[in-house]
Number of protein chains: 4
Amino acid sequence: MERKILLTDCPDETGLIARVTGICSRHRLNIIKNTEFVDNQKSRFFMRTVLDGEFTDDFLAEVKESLPESASIRLVTSCRKRLVIMVTKEIHCLGDLLLKNYAKTMNFEIAAVIGNYNSLRELTEKFSIPFHLVSHEGLTREEHCRQIMKVIDAYAPDYIVLAKYMRILTPEFISAYPNRIINIHHSFLPAFIGAKPYEQAYNRGVKIIGATAHFVTEHLDEGPIIEQDVIKVDHNFTASDMAEAGRDIERMVLDHALNYVLDDKVFIYGNKTVVFRN
Amino acid sequence: MERKILLTDCPDETGLIARVTGICSRHRLNIIKNTEFVDNQKSRFFMRTVLDGEFTDDFLAEVKESLPESASIRLVTSCRKRLVIMVTKEIHCLGDLLLKNYAKTMNFEIAAVIGNYNSLRELTEKFSIPFHLVSHEGLTREEHCRQIMKVIDAYAPDYIVLAKYMRILTPEFISAYPNRIINIHHSFLPAFIGAKPYEQAYNRGVKIIGATAHFVTEHLDEGPIIEQDVIKVDHNFTASDMAEAGRDIERMVLDHALNYVLDDKVFIYGNKTVVFRN
Amino acid sequence: MERKILLTDCPDETGLIARVTGICSRHRLNIIKNTEFVDNQKSRFFMRTVLDGEFTDDFLAEVKESLPESASIRLVTSCRKRLVIMVTKEIHCLGDLLLKNYAKTMNFEIAAVIGNYNSLRELTEKFSIPFHLVSHEGLTREEHCRQIMKVIDAYAPDYIVLAKYMRILTPEFISAYPNRIINIHHSFLPAFIGAKPYEQAYNRGVKIIGATAHFVTEHLDEGPIIEQDVIKVDHNFTASDMAEAGRDIERMVLDHALNYVLDDKVFIYGNKTVVFRN
Amino acid sequence: MERKILLTDCPDETGLIARVTGICSRHRLNIIKNTEFVDNQKSRFFMRTVLDGEFTDDFLAEVKESLPESASIRLVTSCRKRLVIMVTKEIHCLGDLLLKNYAKTMNFEIAAVIGNYNSLRELTEKFSIPFHLVSHEGLTREEHCRQIMKVIDAYAPDYIVLAKYMRILTPEFISAYPNRIINIHHSFLPAFIGAKPYEQAYNRGVKIIGATAHFVTEHLDEGPIIEQDVIKVDHNFTASDMAEAGRDIERMVLDHALNYVLDDKVFIYGNKTVVFRN
């Protein structure tokens, strides 16, 4: 018997839970876990239903028929997702992902790593993961992004993770992987948008620094936020101490965000997310 | 139209969500929020369903009929709960509750305060809440508890809150208010059970101190935990600094626990709780 | 024997600690606690020295002589500070301060409360603290601020605390009390500067909300930050839930900031602070 | 010019800071950072002084002469410490340390890894670190510990880190490396001492789980605590989910504790520590 996850996202109306769970019941599917949320401001309904049992083709058809026409319904199989990781030179996020890939403690496998420098090749190859150098030198941003896309597409990943990839992506690149690019930003967005957030934080004299994992959209640092966290700092921290301290929190926030996304616990709507953490 | 909360707690089996939400739907009750949890180890099902609509007598009967015989089902009206607060001499938790009662920002009204000293009479009466001194001097524990019970029962409270009440209660007292007595304990239980937890924490040289809100059972400091939180300390903290720092966290943990309990978000089973925080 | 705090703030050079502590030693003053910090970027030295003993007039003169000419040196007596609190309508920060004033658990006494509405008069007067209504109706901002200044000045407070005072102050007002006005801002600055931060946070879909206590300067929400903290939120929080959840963190951040300021643990320089938390 | 750290630990008396910093000054040593703490209960003085300059032999002699006879004074050179790591089967703490060793972002180099199983050999050797299997099979605890000691002593490490080493060490082993063995314990000590803390935590229904890094003494789980931290859990967490969630916090607490120890920021006295975090 297979385990699947039914993801429902539609305009809210009375009786939605009863309709969907009723169909599950009639198909003798056991509901392992059911989580729902209604955004009353936008009158929108979200539900994640983890199911155990034997699925027939008409199950999904019946669910669709029972819901408003504009509903988005997905039945996904709970499985290990394929990732391509993009990096520049910083080691901490990639290192953590390589370790978790090796230990198989998270719900993904790393298909490949792409860097615009060779700095992280050695580490990547220790773990027998292919590393591709796609240098931006001498290329326009468009050409560079297209070369990366070619590498990515050969691996057909579920998601692309920007693990401290420090260059801006083209609209063409972003629109090729809608809702499938995850970035870790080194600040508590929307504070310190843009470059050198730790220097900005130091100059402002903040007492807390943070990190933000978000989906990448055309608007730099403004995509839907998946997860955020912070740590306390004080006057003893130089800008570079803040960056150092920030590494732990970046790595942890990226981990948590990936856990949610890869377990199909995240809905995107408008520029926001619904994250069923449990 | 009234808003009610249906609380379901029964052995787990397939189709429970569909059955209950189906009945809601047939009665044209709108589900505002539905949260469920299955304890797989104990095969037990918990669900909290917030409903809007017109309730008829047969609604609850139908729900009962659809569920296993041993199910515990409650349909409660979302309303301000009545509290009696018990105190000794410390001001911080009582003060906070009096302020929130005055500001009406939480889901309770304070019917009365009972103290075994007069220390908090003045503050209580500033807010026009009756204060009852029930001194333990010259009384056996049994006699003292019975006198308190007499005062409590005159107010018929929904819950009794021990806001730093520093004496042990009798089994008779505890069994008179099953699952209705909430205590704030000044440590991260199960560490530092018993008296003088801050002194114990200081002597052990811990780097964190905490607080625990729990239901009171016959076993001292061992009732079902509702909420816990901690703050960081270091070698600069004396035992009395720890107690001082602990006050903020005690007050906040008690607040959160009360929020959950008074909004009917807490199930008790075995010696544990299910708390639907959202 | 008196306890005093020596606060030294001067350009950094070799031997500063030895010079100052040497003078203390020669004067037979016992150093209870000594904390120092050097900002290497700005080459600036900060030291807070808690002293026990009998002080003679020439002690401070000797210290001054031993330090660079531009040094700022203050010898303050550790004592309860006088506060005037300014409010609008929100109760949580004022209520907390009134309670702590009543319980005498913090290092201040509240001399008076000034509101631009009468909403908090009743609560203030319960605690026998004078409440002054200074309505802004029909007045220019300049006139309004001047009327408030008149009330404040009659009390000669050490600090003015804006406990959710929701109006902008004039440059004249601010420059009358340099480094003596403390504000609690309802967001994690510099995110969500300006009005309605919780609505901004909700619309951005952040997963964390915060609060910032800072000194007030002419630049709105941009004065030196004293303390910040955050709590986690999620999609279940409406803008008004965020505001509600934010109250706890606002109150606690303001408390911590006041503790630091009133214990003379805070140095201001440039637009930043050095806060010796211990 | 060399940078050194002077660590002073002696009975408290008036003038200690002045004496030590005065000698530094006369030797033209620049104080980069000075941190001190007095335990008033035990009347004990601790100071950490980071110094820049040219050191002569008589500097330390002069300092010694100026302090009480029983003073413990150490002048250490700030340098990368040598570690031997001991493991059983769990990967997360070792993996993190191997990565940090590779990235050279922390103040240590790993000389060798010793395991009582071969599970972590492959990972260790990827990073070109020697891995020694010392199986406990067929050996008494005493024999096993002695074999490990032989391997350790060949590397002459500064510290031994138990990165989830799951066996009890003999008193002989422990006394061979006084104040030099650091353990990461998978609970918030002193709660859940001993084996299977996550199962204990699950059964107690706690809402928070933690981790504790401590020095190892003869008393199991009772050595001086260096660092602790916690994360929130709820009823959704099984014992194994708690263990999984605990891994992040174990790894982070161990990291922080090592940072403090390896930067010579930790004093041990009685069964407690003074940790100068900044």
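Residues numbered from 1 in each chain as written. Chains lettered and ligands numbered in written order. Predicted model: local features only at pLDDT ≥ 70, side-chain atom pairs only at ≥ 80, totals over all residues. Heavy atoms only, no water.

Trainee: It is not clear to me how the interface of chain C and chain A should be interpreted in this structure. Could you clarify?
Mentor: The parts lose accessible area when they come together, and the size of an interface is often stated as this lost area. Contacts between the two partners involve 36 residues from chain C, matched on the other side by 36 residues from chain A. When the area that chain C buries against chain A is broken down by residue, the three leading residues are Arg204, Lys207 and His235 of chain C, summing to 24%. At the junction of chain C with chain A, the criterion picks out four salt bridges. Joining chain C to chain A, the criterion identifies 21 residue pairs in polar contact (both at pLDDT 80 or more). Secondary-structure elements contributing two or more residues to the side of chain C that touches chain A are β2 (30–39), α7 (197–204), β11 (225–232) and β13 (272–275) of chain C. (Contact = heavy atoms within 4.5 Å. Buried area = accessible area lost by both parts, 1.4 Å probe. Salt bridge = Lys/Arg side-chain N within 4 Å of Asp/Glu carboxyl O. Polar contact = N/O pair within 3.5 Å; in protein donor to acceptor, adjacent residues only side chain to side chain. Helix = DSSP H or I, 4+ residues; strand = E, 2+ residues; numbered from the N terminus.)

Trainee: I'm lost on the interface of chain D and chain A in this one. Help?
Mentor: If you look at the interface, chain D gives 23 residues, while chain A gives 23 residues. For the pair chain D and chain A, the two sides together bury roughly 2,000 Å², of which 53% comes from carbon and sulfur. For the pair chain D and chain A, the number of links is four salt bridges. Across the salt bridge formed by Arg251 of chain D and Asp96 of chain A, the nearest N and O atoms sit 2.7 Å from each other. Summed over the shared surface of chain D and chain A, the number is seven residue pairs in polar contact (both at pLDDT 80 or more). Mapped by element, the contributors of at least two residues to the side of chain D that touches chain A are α3 (92–103), α4 (121–126) and α8 (239–262) of chain D. In terms of residue count, α8 of chain D provides more of the side of chain D that touches chain A than any other element does, seven residues in total.

Trainee: What is the right way to read the relation of the copies chain D and chain A from this model?
Mentor: In this arrangement, two copies of a chain are superimposed by a rotation about an axis accompanied by a shift along the axis. You can overlay chain D on chain A at an RMSD of 0.0 Å; the transform is a turn of 180° with a shift of 0.0 Å along its axis. When the rotation and shift are considered jointly, the pair of chain copies conforms to a two-fold rotation axis. Nearest to the rotation axis, the C-alpha of Lys126 of chain D is located 3.0 Å from it, this being the minimum over chain D. (Least-squares fit on C-alpha atoms with pLDDT ≥ 70 in both.)

Trainee: Would you mind showing me how to read the pairing of strand β1 (residues 2–11) of chain C here?
Mentor: Note on strand geometry: in a regular strand, side chains alternate between the two faces of the sheet. Residues and elements named next belong to chain C. Among the 10 residues that make up β1, seven are buried, leaving the element largely enclosed by the rest of the structure. Judged from the 10 bridges that link them, β1 and strand β3 (residues 44–53) form a sheet pairing that is antiparallel. Each residue of the ladder has a partner; that of Ile5, found in β3, is Val50. Here β1 runs beside strand β4 (residues 72–77); their pairing, made up of six bridges, is antiparallel. Its bridge partner lying in β4, Thr8 is registered against Ile73. (Buried < 20%, exposed > 50% of the residue type's maximum accessible area, 1.4 Å probe, protein only. Pairing = 2+ DSSP bridges.)

Trainee: Just to check I follow, could you spell out the packing of helix α1 (residues 16–26) of chain A against helix α2 (residues 57–66) of chain A for this structure?
Mentor: Residue and element names in this part refer to chain A. Contact pair α1 / α2: the axes reach a minimum separation of 10 Å and the direction vectors enclose 155°. If you check the angle between α1 and α2, you find them roughly antiparallel. Crossing of α1 against α2: the hand is right-handed. Seen from α1, the contacting residues are Arg19, Ile23, Cys24 and Arg26; seen from α2, they are Phe59, Glu62, Val63 and Ser66. Among the residues forming the contact of α1 with α2, the class breakdown is four nonpolar, one polar and three charged. (Axes fitted to C-alpha atoms, helices over the stretch in contact; angles between N-to-C directions. Parallel < 35°, antiparallel > 145°, perpendicular 65-115°, else oblique. Left-handed = near helix turned anticlockwise from the far one by under 90°. Nonpolar A, V, L, I, M, F, W, Y, C, P; charged D, E, K, R; others polar.)

Trainee: Help me out: how do you make sense of the relation of the copies chain C and chain A in this one?
Mentor: Rotating chain C by 180° and translating it 0.0 Å along the rotation axis places it on chain A, where the RMSD comes to 0.0 Å. A share of 100% of the interface residues of chain C reappears at the interface of chain A, consistent with the copies meeting face to face through the same patch.

Trainee: Can you walk me through helix α8 (residues 239–262) of chain B in this structure?
Mentor: Three or four residues apart is the spacing at which side chains of an α-helix point the same way, because the helix has 3.6 residues per turn. All names here are of chain B. For α8, which comprises 24 residues, the first-to-last C-alpha distance of 33 Å matches the rise-based estimate of 34 Å (1.5 Å per residue) to within 8%. Residue Gly246 marks the point of greatest curvature in α8, where the axis turns by about 30°. One or two positions beyond α8, positive phi appears at Asp264, with a value near 55°. (Expected span 1.5 Å × (residues − 1). Bend = angle between axes of the 7 residues up to and from the residue.)

Trainee: Help me understand the pattern of salt bridges in this model?
Mentor: Any two side chains of opposite charge can pair if their charged atoms end up close together. The tally for this structure, following the rule as stated, stands at 76 salt bridges over all chains. Between Arg247 of chain C and Glu244 of chain C there is a salt bridge whose closest N-O contact spans 2.5 Å. Linking Arg247 of chain C with Glu244 of chain C, this pair stays in helix α8 (residues 239–262), spanning three residues, or about one helical turn. One salt-bridge network, held together by shared partners, links Glu90, Lys164, Glu244, Arg247 and Glu250 of chain A.

Trainee: Would you take a moment to explain the domain arrangement of chain A for this structure?
Mentor: All names here are of chain A. Its domain assignment divides chain A into domain 1 (2–77) and domain 2 (81–275). Each of domain 1 and domain 2 has a C-alpha centre, and the two are 32 Å apart. At the interface, 12 residues of domain 1 touch seven residues of domain 2. Summing both partners gives a buried area of about 870 Å² for domain 1 against domain 2, and 63% of it is carried by carbon and sulfur. Where domain 1 packs against domain 2, one counts zero salt bridges. At the junction of domain 1 with domain 2, the criterion picks out three residue pairs in polar contact (both at pLDDT 80 or more). Among the secondary structure elements, those contributing two or more residues to the side of domain 1 that touches domain 2 are β1 (2–11), β2 (30–39) and β3 (44–53). (Domains from an automatic or database assignment.)

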